[in-house]
Amino acid sequence: MHFSICGNSDHNKKGHDKYIASIQVEQNEAREPEDVEFDDPSYIQNIMPQRTILALDPMHQQNSMVYKLGVELHFDGGGGGGLRQVQEPKQPLNKRIGDLLARMTLPEKIGQMSQIERENATAGVVREYFIGSVLSGGGSVPSTNATPEAWVGMVNEMQRGALSTRLGIPMLYGIDAVHGHGNAYRATIFPHNVGLGCTRDQELAKKIGAATALEVRATGIPYVFAPCVAVCRDPRWGRCYESFSEDPKVVQLMASVISGLQGEIPAGGRRGAPFVAAGGKRNVAACSKHYVGDGGTDGGANEGDTAATFHELLSVHMPPYYTAVAQGVSTVMVSFSGWNGAKMHANRFLITDFLKTTLRFRGFVISDWGGIERITTPKGADYMLSVKLSIMAGIDMIMIPYTYTEFIDDLSTLVKNGTIPMSRIDDAVRRILRVKFTMGLFENPYADNSLAGELGKQEHRDLAREAVRKSLVLLKNGKPGEKPLLPLPKNAGTILVAGSHAHNLGYQCGGWTITWQGVGGNNLTTGTTILDGIKRAVGHGTDVVYSENPDAGFIRQNEARFDYAVVVVGEPPYAESFGDNHNLTIPAPGPSVIRDVCGSVRCAVVLVSGRPLVVEPYMGAMDALVAAWLPGTEGQGVSDVLFGDYGFTGMLARTWFRSVEQLPMNVGDARYDPLFPFGFGLQTRAYGR
C-alpha cells in the first residue's frame, strides 16, 4: 500500500501531545482515511519534512487534496496499529532495499527490470507496467530543438506515472552522453574520447564529466550511458572514436570522467558499491560500457567476436572495469560482441562470476539496445530463449526498447514455471533499487528547471575549447630543410582556408550528436567552426578566403595571392556499424584538395576524423599535419593552437599505421612499423610564452 499523510496535534489525557496521521490508502476500492496516533512529535516531523513532498497526486486531486510524500508507511501486524517507515533516508540502505523488495509483486519486480524507449513511454504505460526505466536513444527527443524546460516536462510526466503506482517507485531516465549531452540542442559538445585520450589529462576528463552531468541534469535526466571504456585495438571499428586509447592504461587514466559524472567517491567507500554524490541533483549515475572486449573484435567488426585467451582479456580489455568499479560506477552495460564465439549477453561467467562476484560490483548490469535479441541467429529467432539466457547470465535491466509487453510476458512465464528462480529476479531488483536509493531518486524524483542555464553555458564551452587545444596532435611541421610552418602568423596578406570540414559544425562533432549517426551542416546546434575560429584569430588586416573545394584552376589563378593555406578534411559523421571501414582512406574530395592546394601553396592540413587514416601518400605535399580528431562544437580550440596562442602538447593514444594491411597493430606488438608510433606528438611553444 502507498500512503499519503497529513498530520496535526492534540493533547491526550496523559498530558502528551498526540499526533494524528490521516492515512489515505491508495487502492482501487474506495476506503476511508485511517487515523493513527503518535506520541513522539519528532516521529511525525521525520516522516513529513517539507522537502519530502513530491507533488499533488493527479489521480486524486478531484476527490481529495492529498500530498504524495517521499516516504512510504505500512502497518505492522497485530492490533496495536504500529507504524514503521520503510523509505526514510536515515534508515540503513540495505534495510530500505529489503523492506521495499519484500512488498513487491512479480509484475512490479519485472517492471523494474524493464527499460523502454521514450517513444512508447507514456505516463499510462509506465504506471500500468511498473516500468523501472525509460531512455532516449540517439536522436530521440521531446521535439526538434527542444528546450531544457521541454525535456524536464517530458521526464516529469513519465515520473508522475511511476509515482502513481501502488509502491511509487521512481522511474530512472537514461540517455547517451558520450561527448557531452549530444542529444540536446545547444549543449556543449566535447571532443570524442579518441581525442581526449591524447591529452593524458585525467583532471580535464573529470571536469568534462562534471560539466556533462550538469548539462544532462539541466534537462531533467539523472542517468547517462557513459563513459565508453573500450580498448580499441583496431581502428577499422566504427566505434573506435568512443575509445580513449588502444592502451588500457590510458583508458584507465581517463576513466576519471566517472568521478566527474557521479562525484568523487569518499575515502574508505565500499569497493564495488554504486556512488552518486549526496543529493544527486548536480551529478548523474554513470554507465561503463561495453562489457567486455568490444574493442578487440576480428577485423574491427562492430558486434563481432573477440578471439582472446582469458589472460589476454584480463590484461587488455578488463582493466578499465577494475578502475570503474573502484570509482563506484553505478551501472555496467554489456557488449553486443562475443568472446571466443559466445555472446556477451549470455555470458554468465563474465557477468555473474567475474564482474559481480570477483570484482564485487554492486550496481546493476544493463543490456545494450535490443541486445538480448542478438543472442540468437538470426536476431530474435527465439525471444524467450534470449530472455532466459540473458537474465540467467546476470543482466539486471533489459534495454528492450520497444517490445516491452513481449519481454514482460516471457519473463513472467519463465519465473512462474520455475525456469528462472525468484532469487535471480530479487538480485536484479535489489541492485536496481540500490542505485535508485543511492542517487537520491526516492527523495528527489522530480526534475526542476533550476539548472536550465547550465546547458551550453560559457564556462563549459571554455572547458571544451581547452580540451580541443590539448587533444590536437602535431604530426608534421615543416618539410626537410625548411623552417616549421606552425605556428601560423596572424598578420598576413591573404590566406586560403579550404576543405569539406573547415566550415561544418556537424562534421566536427561526429556521431552521437543531435542524431544517432550525426549530421553535417551548421544548423544542427550552436558552436564555432574551425573557419570561424581562424577568422577570429587572424589580424584585422588579414584577408581570409574560404573555398570548400577549390579546383586546380582556381589555385593556379590565385596561388600568388596566398601567404599560406589551411586545408581541413576528414570523415563524415557515423556511429556503430555504419562506421566500420576496411580501407580507412580520406574520403573524396579530401585527397584532391590536399594535392591541389598543397602542391602550390604552403599548407597546414587539419584532419578531422574518428581514427587514424591513410595519409602517407600525401605527406610529401604537406608542410604541416594536425590530427584534430572530432573536436566538437568549440572549433576555436583548433585555431588557438594553429596560430600559437597555445602550444601543441597532444600525444597519440593510438598507433598511426601506414596501410590497413598492417592492422591490427598496437604498441607492444612484435611486428611494429607505424607511420607514427603510439605516444608521438611534436610540440610547439605558444608565442610569447
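Below is a summary of the structure that appears in this document. (Residues numbered from 1 in each chain as written. Predicted model: local features only at pLDDT ≥ 70, side-chain atom pairs only at ≥ 80, totals over all residues. Heavy atoms only, no water.)

1. Considerations on the pattern of salt bridges
Next, step 1: With the rule as written, the count across this model stands at 31 salt bridges.
Next, step 2: Here Glu 246 ties to Arg 654 by a salt bridge, and the two come within 3.9 Å at their closest N and O atoms. Here Glu 246, found in the loop between β11 (223–224) and α8 (248–254), pairs with Arg 654, found in the segment after α21 (636–642); they are 408 residues apart in sequence, far enough to count as distant. Like Glu 246, the residue Arg 654 is buried in the burial classification. (Salt bridge = Lys/Arg side-chain N within 4 Å of Asp/Glu carboxyl O. Helix = DSSP H or I, 4+ residues; strand = E, 2+ residues; numbered from the N terminus. Buried < 20%, exposed > 50% of the residue type's maximum accessible area, 1.4 Å probe, protein only.)

2. Details of helix α12 (residues 348–358)
Next, step 1: Within the span of α12, buried status applies to Leu 350, Ile 351, Thr 352, Phe 354, Leu 355 and Lys 356.
Next, step 2: Of the residues flanking the start of α12, the one acting as N-cap is Asn 347, its side-chain oxygen 3.3 Å from the backbone nitrogen of Phe 349.
Next, step 3: Once α12 ends, the next one or two residues include Arg 360, with phi positive near 60 degrees. (Polar contact = N/O pair within 3.5 Å; in protein donor to acceptor, adjacent residues only side chain to side chain.)

3. A closer look at the side chain of Arg 217
Next, step 1: Note on placement: Arg 217 falls in helix α7 (residues 202–217).
Next, step 2: Buried and unpaired, Arg 217 has no salt bridge, with Asp 448 as the nearest side chain of opposite charge at 8.6 Å.
Next, step 3: With sequence-adjacent residues up to four places away left out, Arg 217 is seen in contact with Pro 222, Gly 280, Lys 281, Arg 282, Asn 283, Val 284, Met 439 and Leu 451. (Lys, Arg positive; Asp, Glu negative; His and termini not counted. Contact = heavy atoms within 4.5 Å.)

4. Comments concerning the sheet that holds strand β21 (residues 543–547)
Note: strands within a sheet are paired through backbone hydrogen bonds, in either parallel or antiparallel orientation.
Next, step 1: Taken in spatial order, the 6 strands make up an open sheet running β19-β24-β23-β22-β20-β21, and their pairing is mixed. Two strands close off the open sheet at either side, each with one partner strand: β19 (473–477) and β21. Averaged over all adjacent pairs, the angle separating strand axes in this sheet is 15 degrees, with direction ignored.
Next, step 2: As paired strands, strand β23 (residues 603–608) and strand β24 (residues 624–627) are joined by 4 bridges and run parallel to one another. Bridge assignment links Val 606 to a residue of β24, and that residue is Val 626.
Next, step 3: Packing of helix α20 (residues 590–598) onto the sheet brings it into contact with β20 (494–498), β22 (564–570) and β23, and relative to β22 it is tilted by some 170 degrees. (Pairing = 2+ DSSP bridges. Axes fitted to C-alpha atoms, helices over the stretch in contact; angles between N-to-C directions.)

5. Re the packing of α7 against helix α16 (residues 458–471)
Next, step 1: One can describe the packing of α7 onto α16 by two numbers: an axis separation of 10 Å at closest approach and a directional angle of 145 degrees. Crossing of α7 against α16: the hand is left-handed. Contact residues: Leu 204, Lys 207, Ile 208, Ala 211, Leu 214 and Glu 215 in α7; His 460, Leu 463, Glu 466, Ala 467 and Lys 470 in α16. (Left-handed = near helix turned anticlockwise from the far one by under 90°.)

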